[in-house]
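What the coordinates show
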Amino acid sequence: MKVYMPGREWPEHYRAVLDELAKITDPVTGGDILDSGVVAGLEVTEDTLKVWLNFESHAEYNITGASAIAYSKIIGDIIERFALVKFQNVYVYDLKNNPVGVFENKKGYTIEDISTEKA
C-alpha cells in the first residue's frame, strides 16, 4: 500500500486512479474524497485496485450513523466507478485492513456483459 499524500509524486497508473477518485464526493464535507482525507492509501496493479479508507473499525463504521451512511456511499461509488470499467478486482479496506467492499470478477465478465443495452 502506498500512503496517500496530496503532494506526492505518483506513477502514471496511480495518477489515473487518483484523478478518478477526485471525482467522488464525500457526502459529509461536500468535497472530494482525496481532499477530505477519506483516502488513506491505495495499491494499483494491472487488474486490481485496493483502496484504504480513513476509518478504523467495523464497530465505528456501524455505530456512527451519518458517517456510516457516508462511508457506505463512498465504498459503493469506488466499486461502481472502477469494477469492470478499469479493474477486474476492487477491494476497499478500513485502516485495520478489514475488507469493507469487495468486487472480484471470478467469472470473467466484461463491461459489455452488463451494458445498459442488455439490461
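Residues numbered from 1 in each chain as written. Predicted model: local features only at pLDDT ≥ 70, side-chain atom pairs only at ≥ 80, totals over all residues. Heavy atoms only, no water.

For the rest of this paragraph, the subject is the nonpolar core. With 28 residues, the main nonpolar core has Leu21, Leu42, Leu53 and Ile78 as its most contacted residues. Secondary structure elements with two or more residues in this core: α1 (12-21), β2 (39-44), β3 (48-53), α3 (66-82) and β4 (89-93). If one sorts the elements of this core by residue count, α3 sits on top with six residues. Once residues within four sequence positions are removed from consideration, Leu53 is found in contact with Val38, Val39, Ala40, Tyr71, Ile74, Ile75, Ile78, Val92, Tyr93, Asp94 and Leu95. (Core = buried A, V, L, I, M, F, W, Y, C linked by side-chain atoms within 4.5 Å. Buried < 20%, exposed > 50% of the residue type's maximum accessible area, 1.4 Å probe, protein only. Helix = DSSP H or I, 4+ residues; strand = E, 2+ residues; numbered from the N terminus. Contact = heavy atoms within 4.5 Å.)

Turning to the packing of aromatic side chains, a few remarks are in order. For any pair of aromatic rings, the description rests on two quantities: the centre-to-centre distance and the angle between the ring planes. Summed over the entire model, instances satisfying the criterion amount to six aromatic pairs. The interplanar angle of 20° and the centroid separation of 6.3 Å between the aromatic rings of Tyr91 and Tyr93 together place this pair among those described as stacked. Accessibility classification places Tyr91 together with Tyr93 in one group, the buried group. Among the aromatic residues, those joined into a cluster by ring pairs are Tyr4, Trp10 and Tyr14. Taking the ring centre of Trp10 as reference, the NZ or CZ of Arg8 above it sits at 4.9 Å. A cation over a ring is seen here: Lys50 above Tyr91, with NZ or CZ 5.9 Å from the ring centre. (Phe/Tyr/Trp six-rings, centres within 6.5 Å; stacked < 30°, edge-to-face > 60°. Lys NZ or Arg CZ within 6 Å of the ring centre and 35° of its normal.)

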